[in-house]
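Here is how the chains run, residue by residue.
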Number of protein chains: 4
Amino acid sequence: MSSRIEVGVLGATGMVGQNFARLLAGHPMFELTWVGASDRSAGKKYGEATSWRLDGVMPESVANLTVSECKPGNAPKLVFSSMDANVATEIEQAFAEAGHIVVSNSKNFRMEADVPLLVPEVNADHLGLIEIQRKNRGWKGAIVTNPNCVAVPLAMALAPFKQFGIKKFITTSMQAVSGAGYPGVASMDILGNVIPYIGGEEPKVEEEPLKILGDFKNGAVHDLDAKVSAHCNRVPVIDGHMLTVSVELEQKPTKEELLAAIHSFRGLPQQRNLPSAPPVPLVYMTEDNRPQPRRDGPRDGGMTVFMGRLRPCSIFDWKFVCLGHNTIRGAAGAAVLNAELMQSEGLL
Amino acid sequence: MSSRIEVGVLGATGMVGQNFARLLAGHPMFELTWVGASDRSAGKKYGEATSWRLDGVMPESVANLTVSECKPGNAPKLVFSSMDANVATEIEQAFAEAGHIVVSNSKNFRMEADVPLLVPEVNADHLGLIEIQRKNRGWKGAIVTNPNCVAVPLAMALAPFKQFGIKKFITTSMQAVSGAGYPGVASMDILGNVIPYIGGEEPKVEEEPLKILGDFKNGAVHDLDAKVSAHCNRVPVIDGHMLTVSVELEQKPTKEELLAAIHSFRGLPQQRNLPSAPPVPLVYMTEDNRPQPRRDGPRDGGMTVFMGRLRPCSIFDWKFVCLGHNTIRGAAGAAVLNAELMQSEGLL
Amino acid sequence: MSSRIEVGVLGATGMVGQNFARLLAGHPMFELTWVGASDRSAGKKYGEATSWRLDGVMPESVANLTVSECKPGNAPKLVFSSMDANVATEIEQAFAEAGHIVVSNSKNFRMEADVPLLVPEVNADHLGLIEIQRKNRGWKGAIVTNPNCVAVPLAMALAPFKQFGIKKFITTSMQAVSGAGYPGVASMDILGNVIPYIGGEEPKVEEEPLKILGDFKNGAVHDLDAKVSAHCNRVPVIDGHMLTVSVELEQKPTKEELLAAIHSFRGLPQQRNLPSAPPVPLVYMTEDNRPQPRRDGPRDGGMTVFMGRLRPCSIFDWKFVCLGHNTIRGAAGAAVLNAELMQSEGLL
Amino acid sequence: MSSRIEVGVLGATGMVGQNFARLLAGHPMFELTWVGASDRSAGKKYGEATSWRLDGVMPESVANLTVSECKPGNAPKLVFSSMDANVATEIEQAFAEAGHIVVSNSKNFRMEADVPLLVPEVNADHLGLIEIQRKNRGWKGAIVTNPNCVAVPLAMALAPFKQFGIKKFITTSMQAVSGAGYPGVASMDILGNVIPYIGGEEPKVEEEPLKILGDFKNGAVHDLDAKVSAHCNRVPVIDGHMLTVSVELEQKPTKEELLAAIHSFRGLPQQRNLPSAPPVPLVYMTEDNRPQPRRDGPRDGGMTVFMGRLRPCSIFDWKFVCLGHNTIRGAAGAAVLNAELMQSEGLL
């Protein structure tokens with residue numbers, strides 16, 4: 001195991017940070033040796049500084065790490081970031097300037113023109129932005145981001161449609177409570193209920209997929225030229241965001257052609273057999289009532305996006321449902337896969 | 001109370017039948033004196049034949065009624081029907097032939113050209129079909145229906161938009177488990193989960209609103225000429241169906257004009273102060289995160305439709321959320337209001 | 001309505017305070033004219049200072065009251081208190097000294113020897129402590145408390161057993177999330193889960209019933225001489241605490257004698273027909289699977305305690321289940337009934 | 001893998017049967033080659049005959065097995081049984097007569113004097129009953145049973161107390177819905193609710209632990225001489241039964257002695273490193289609010305019993321909470337471990 005690459009986590013005590021700790025425990029490529037958190041926690045053992053909120057218990061390997069302040073100093077070159085948005089800009093920038101590769105789940109840099117918003121199966125070539133980013137900003141390091149937890153399954157599910165020309169898509173999300181962190185959604189608000197609003201969510205869901213599905217040409221990402229409308233809702237589910245999607249296309253493929261595109265969809269993570277890559281990134285389920293967040297979300301380590309119910313839409317062309325595990329494929333797992341891809345590209 | 005109109009319920013022991021029993025207990029206009037159910041129950045006291053599934057306990061006034069077979073015979077002239085779809089056609093027809101007014105929640109006759117599919121605030125004039133129906137079918141009685149539990153709040157919420165020309169609307173429903181009857185949805189299927197499918201639901205949601213919002217002219221209902229697409233889902237909520245809706249209009253009203261249309265929306269039930277009429281049929285809530293099924297569904301006796309989050313849609317013109325109590329405004333309460341309207345029109 | 005007694009609420013913006021506001025809106029005996037809260041809220045309209053967390057919406061009559069600081073000054077003589085425990089002692093004392101009658105839901109004074117811990121159906125005579133309290137403390141006013149939300153249904157359910165000599169009882173509670181206030185229990189903690197611990201709850205459940213069921217003699221309450229053991233748990237229910245109870249008695253009544261004692265149990269609230277008094281304070285349900293919190297808790301305005309499943313216990317003598325609505329009979333409703341009793345006793 | 005022992009499952013299409021299929025897929029010691037179900041399913045592929053109700057999807061290895069009738073004929077020598085109680089007696093008996101080893105989760109034979117009611121960590125020596133059973137009944141095969149899903153964690157948690165003389169214990173269970181099979185508990189009954197009754201459960205919980213904790217002497221099991229009382233409840237949890245327990249002992253150990261007994265508790269499954277054996281059968285959690293069914297139930301493959309909150313009981317001596325995964329440690333997993341133990345004892 002001595003050959004594993006040492007990594008750190010910024011914002012390690014929060015819920016996404018805990019997911020990083022869980023996913024990195026025993027990771028074959030990375031070894032978590034450094035955890036950064038607020039000054040309040042710095043100097044304590046991670047096990048003392050952290051109230052573990054995930055199911056199960058804290059991995060022992062991380063419990064004994066001493067929490068550092070979120071300053072570059074002695075952190076490993078590769079750091080994952082789950083910093084709160086209100087401090088992420090400054091801290092992530094400081095790390096990138098100091099030569100670190102920051103693989104971030106925070107939203108702050110996602111829509112910057114020179115920062116990759118990466119879904120490795122979809123737009124691995126956007127890593128080409130790193131060179132531009134370094135030139136623009138004079139950084140030795142770099143910042144690479146993963147998308148919002150709804151944008152990931154949405155962009156992945158739509159990726160096989162891209163070849164047919166995506167003109168418009170409209171989506172309604174039914175999102176799990178784990179997406180709101182801890183304590184997050186009060187039980188009084190969500191037990192036996194639906195909340196038809198998630199602050200700040202709809203703009204991200206409407207913007208990010210267009211960048212993810214965009215083309216990298218001449219040193220820039222050219223967003224997909226499509227219209228998007230999103231309705232975001234919270235439902236009483238622990239993990240797994242369900243989406244209904246209607247999509248209008250330029251070409252008129254048959255259902256068989258679409259299913260073939262979905263079934264054959266693969267990316268570099270599968271070709272290179274990256275540790276966190278699911279064997280099949282898009283699994284289409286044929287049962288009428290699937291996928292379902294509780295039954296399907298956690299399968300394959302939470303990295304698969306599930307689709308179902310592809311059928312004609314009487315307004316647009318096609319409609320379907322899709323599902324992604326929000327704290328894994330939509331957050332920490334996404335970032336880990338991003339780092340695995342960068343390692344395989346020789347970028348670490 | 002001797003002046004109340006005697007009424008019966010067909011299919012009285014099922015869940016919608018129980019809702020009829022509950023709503024009719026102490027009703028100022030109607031007195032429940034007759035309950036019909038399957039041969040298996042006939043002859044027993046309602047209290048013995050029925051496993052009460054609603055919250056609270058069975059009203060005493062109904063517990064002592066003796067269950068009759070579902071045959072016209074000695075039933076009152078006005079009967080509410082919550083028959084299972086597989087037997088409703090024959091039985092409702094037999095009652096209508098025998099001179100009964102059948103106010104039905106069953107789906108069987110809803111889309112028949114000469115049968116009103118009634119939402120009293122929206123299309124009271126469709127009662128004009130009764131004359132045609134009697135002529136066509138040679139019935140002394142009549143069948144009047146209420147829509148599916150999603151179609152009701154959808155049509156009501158869209159009614160104020162009609163004046164601006166509705167061209168298209170797309171909706172995603174998040175539906176409560178009570179809509180599936182008893183035992184209905186297994187707890188193993190829905191606890192902490194979403195089921196992205198409800199058998200037979202989407203076609204109803206796509207068809208019925210067009211008839212409800214249609215115009216009664218020259219003895220026929222001319223459906224609204226609009227395109228509809230629906231995605232129906234089950235969520236872990238007891239009562240109350242939530243919908244997200246995007247709608248495209250011919251004209252381009254401002255948000256203020258739309259809100260004014262919503263706020264001023266009233267119908268005959270309000271004008272005539274019918275017993276089950278909510279004071280304001282469409283209540284628009286201004287909080288970002290409302291309405292919510294658990295918090296708002298049961299207000300005003302479950303007969304109000306709540307709306308919220310009206311905002312521009314980047315694909316269509318406007319999007320919003322709406323909510324209706326599925327077992328009241330979307331089922332038994334809808335039928336009771338239909339009967340109240342018919343009484344006020346002198347049709348009973 | 002001009003003859004209603006003006007009342008105030010201390011801690012009016014919190015969740016118990018909101019329950020007071022809801023229960024007092026339209027109360028026939030009391031008129032809510034004064035609301036006190038923290039300095040942060042003082043001066044604002046109640047409707048602006050308060051995020052309404054209960055189902056439905058804020059009563060209009062209270063929304064326009066201006067929030068005062070929690071100082072005696074111009075408050076009405078009768079004030080209900082739902083102050084946080086960390087400030088209740090000082091504030092409630094200041095009001096009592098200044099001549100106010102403080103009817104409190106806070107725990108601070110409950111176990112003081114000269115403060116009534118009142119359940120009007122059970123121990124109305126404990127109001128005799130007020131005289132002692134005034135003598136001891138030199139107060140013109142007084143403090144009267146209601147018990148913890150588990151202690152209320154437990155003491156009420158055991159009251160009919162008292163005549164047979166209660167020696168021991170052991171209880172396991174399954175408590176609703178509303179008991180924890182807002183935001184209270186995080187949804188991540190309780191969805192599809194049970195939490196076998198509620199901080200500080202078990203000591204209250206083990207102490208308070210002994211005082212409630214105690215005898216007032218010679219100017220003092222003599223606690224019931226019984227042993228109690230409690231296991232308190234949180235379950236994913238909105239309102240209504242369920243308890244399993246096993247009880248050992250000195251005498252050996254038959255089941256019929258116990259049921260007769262339960263059925264005939266009444267108190268001063270019923271004799272005097274107090275506005276918040278349920279017609280029957282203990283309702284014994286004969287169905288095997290009742291009572292249930294969602295189905296029975298809210299019946300009769302939430303003031304009834306429901307019992308069921310009385311059967312022999314192979315260790316103690318009898319075991320049964322009971323249920324009380326925690327935010328009504330176990331909190332704000334309990335206090336309102338206490339005040340109604342005091343009014344009927346000429347103590348206001 | 002050719003050296004694995006072929007096994008069958010009786011009642012393979014039901015929910016416990018599906019759990020057997022899941023647990024046996026890839027089992028290192030056993031290979032599932034035969035599935036028996038009702039005549040209705042016989043002849044079909046398991047994948048067609050079975051509506052998969054567990055989270056995730058059906059293991060491919062079992063989907064292609066052809067379902068047989070539940071008759072001995074060509075079934076493997078070792079069969080697991082999850083037959084419905086109404087047919088289990090006859091069928092299990094027929095298999096045992098025909099020389100099969102029936103490792104059953106059904107309740108029918110559990111309390112027979114010559115049938116082991118086995119929890120391998122607790123009473124492995126009860127396997128001595130097999131010899132008696134064969135003598136009594138003239139069987140070449142045998143029937144071995146595992147206990148009810150509440151009795152397993154209860155008996156395991158109490159096993160370390162046995163050395164101190166168990167006199168009495170009282171328990172309240174909060175049971176998951178998966179224990180009721182499929183469709184089992186209706187969502188209308190349990191969402192946001194507690195049901196204080198489970199048909200037929202309390203007698204099992206009061207009887208079975210006494211046999212499990214009994215001593216095998218002179219060819220018979222002598223039940224533990226203790227009094228038991230149980231209150232069984234259903235709560236809205238998917239998997240994992242929580243129990244509160246109060247226990248009275250003959251001796252008066254300190255808390256340290258009890259914890260030492262719990263911590264050091266091991267059995268033959270651990271000594272022999274059986275495939276389904278958890279490394280530590282009783283895990284005591286020190287956090288106030290643990291264990292919890294959703295967070296802890298599935299850990300270690302669902303075979304660990306978790307304990308917590310050991311503290312003095314003011315009526316009995318000690319009280320604590322415990323948790324077991326009901327469909328694994330309390331059903332299919334229990335039976336698989338029983339068979340592993342029997343294999344290690346040379347009994348297959």
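Residues numbered from 1 in each chain as written. Chains lettered and ligands numbered in written order. Predicted model: local features only at pLDDT ≥ 70, side-chain atom pairs only at ≥ 80, totals over all residues. Heavy atoms only, no water.

**Overview of helix α13 (residues 328-344) of chain C**
Residue and element names in this part refer to chain C. Let me state the cut-off plainly: Strands are runs of DSSP state E lasting at least two residues, helices are runs of H or I lasting at least four, and both sets are numbered from the N terminus onward. Between the first and last residue of a helix there are one fewer steps than residues, each counted as 1.5 Å, and that sum is the expected span. One axis fitted to the seven residues ending at a residue, another fitted to the seven starting there: the angle between these axes is the bend at that residue. Accessibility here uses a 1.4 Å probe with only protein chains present; expressed as a share of the type maximum, an area under 20% marks a residue as buried, one over 50% as exposed, and anything in between as partly exposed.
The end-to-end C-alpha distance of α13, which contains 17 residues, comes to just 20 Å, noticeably less than the 24 Å that a straight helix rising 1.5 Å per residue would cover. At Ala334, α13 shows its largest kink, close to 50 degrees. Burial of α13 is extensive: 15 of the 17 residues sit out of reach of the surface.

**Quick word on the domain arrangement of chain A**
All names here are of chain A. For the record, the criterion: The split into domains, and so the bounds of each, comes from an automatic or database assignment of domains. Whether two residues touch is decided by their heavy atoms; if any such pair falls within 4.5 Å, the residues are in contact. Accessible area that two parts lose when put together, evaluated with a 1.4 Å probe and summed over both, is termed the buried area. Whenever a carboxyl oxygen of Asp or Glu lies within 4 Å of a side-chain nitrogen of Lys or Arg, that contact is scored as a salt bridge. Within 3.5 Å is the distance limit for a polar contact, defined as a pair of N or O atoms, with the added protein rule that one can donate a hydrogen and the other accept it, and that residues adjacent in sequence qualify only through two side-chain atoms.
Domain boundaries assigned for chain A yield domain 1 (5-148 + 332-344) and domain 2 (151-325). Taken together, the contacts link 31 residues of domain 1 with 36 residues of domain 2. When the area that domain 1 buries against domain 2 is broken down by residue, the three leading residues are Met111, Glu121 and Asn148, summing to 25%. Remark: the boundary between domain 1 and domain 2 carries one salt bridge. Between Glu208 and Arg110 there is a salt bridge, and its shortest N-O distance comes to 2.9 Å. Applying the counting criterion to the domain 1 and domain 2 interface returns 14 residue pairs in polar contact (both at pLDDT 80 or more). Looking at the side of domain 1 that touches domain 2, the elements that each hand over two or more residues are α5 (120-123), α6 (129-137) and α13 (328-344). At seven residues, the largest contribution of residues to the side of domain 1 that touches domain 2 is made by α13.

**Here we look at the interface of chain C and chain A**
When the parts come together, some accessible area is lost, and that loss is often what is quoted as the size of the interface. For the record, the criterion: Residue polarity is assigned by list, with Asp, Glu, Lys and Arg as charged and Ala, Val, Leu, Ile, Met, Phe, Trp, Tyr, Cys and Pro as nonpolar; anything else, Gly included, falls into the polar class.
Taken together, the contact pairs 17 residues of chain C with 17 residues of chain A. Per-residue buried area on chain C facing chain A is highest for Ser187(C), Met188(C) and Leu191(C); these three make up 47% of the total on that side. Applying the counting criterion to the chain C and chain A interface returns zero salt bridges. Put simply, chain C and chain A have four residue pairs in polar contact (both at pLDDT 80 or more) between them. Here the element with the most residues in the side of chain C that touches chain A is helix α8 (residues 187-190) of chain C; it accounts for four residues. Tallied by class, residues from the side of chain C that touches chain A come to 12 nonpolar, three polar and two charged.

**What about the relation of the copies chain C and chain A?**
Both copies of the chain are related through a single rotation about an axis accompanied by a shift along the same axis. Put simply, the rule is: All copies are superposed by least squares; the fitting set is the C-alpha atoms of residues with a pLDDT of at least 70 in both.
Relative to chain A, chain C is turned by 180 degrees and slid 0.0 Å along the rotation axis, the superposed coordinates differing by an RMSD of 0.0 Å. In the structure described here, the two chain copies are related by an operation that fits a two-fold rotation axis. Closest approach to the rotation axis among the C-alpha atoms of chain C is made by Ser187(C), whose C-alpha sits 2.1 Å away. Both copies contact each other with a shared surface, as 100% of the interface residues of chain C are interface residues in chain A too.

**Points about the relation of the copies chain C and chain D**
In screw terms, the move from chain C to chain D is a rotation of 180 degrees and a rise of 0.0 Å along the axis, fitting with an RMSD of 0.0 Å. Same-surface contact between copies: 98% of interface residues of chain C are shared with the interface of chain D.

**Some remarks on the pattern of salt bridges**
Here the structure, examined in full by the defined rule, presents 76 salt bridges over all chains. We note a salt bridge from Arg295(C) to Asp55(B), for which the minimum N-O separation is 3.8 Å. Taken together, the residues Arg295(C) in helix α12 (residues 293-296) and Asp55(B) in the loop between α2 (46-49) and α3 (60-63) connect one chain to another. Residue classification places Arg295(C) among the buried positions, given a relative accessible area of 4%. For Asp55(B), a relative accessible area of 35% gives the class partly exposed. Connected through shared salt-bridge partners, Asp55(A), Asp189(C), Arg294(D) and Arg295(D) make up one network.

**What about the confidence of the model for chain A?**
This is how the line gets drawn: pLDDT expresses, on a scale from 0 to 100, how confident the predictor is about each individual residue.
Across chain A, the average pLDDT comes to 97, with 99% of residues at or above 70. Confidence metrics for the complex model read pTM 0.97 and ipTM 0.96.

**Topic: the sheet that holds strand β14 (residues 318-324) of chain C**
All names here are of chain C. Rules: Any two strands between which DSSP finds at least two bridges are classified as paired. All axes are obtained by fitting lines to C-alpha atoms, using only the stretch in contact for helices, and the reported angles, taken between N-to-C directions, cover 0 to 180 degrees.
Across the sheet, six strands lie side by side as β10-β7-β11-β14-β13-β12; this open sheet has mixed pairing. What marks the edges here is a single partner per strand, and that holds for β10 (227-234) and β12 (282-285). Across the sheet, the axes of successive neighbouring strands diverge by a mean angle of 20 degrees, strand direction being ignored. Docked against the sheet, helix α7 (residues 151-158) engages β7 (166-175), β11 (241-249), β12, β13 (305-312) and β14, running at close to 135 degrees with respect to β14.

**Structural notes on the side chain of Ser173(C)**
Residues and elements named next belong to chain C. Position of Ser173 among the secondary structure elements: in strand β7. The class of Ser173 is buried, set by a relative accessible area of 1%. At 2.8 Å, the side chain of Ser173 and the side chain of Gln175 are in polar contact. In this view, Ser173 contacts Val150, His231, Cys232, Asn233, Met242 and Leu243; residues no more than four positions away in its chain are not counted.

**Focus: the side chain of Glu121(A)**
All names here are of chain A. For Glu121, the location among the structural elements is in helix α5. Here the side chain of Glu121 touches Arg329 through a polar contact of 2.8 Å, side chain to side chain. When neighbours within four sequence positions are excluded, Glu121 is seen to be in contact with Met156, Phe265, Arg266, Gly267, Pro269, Gln270, Pro278, Pro281, Arg329 and Leu337.

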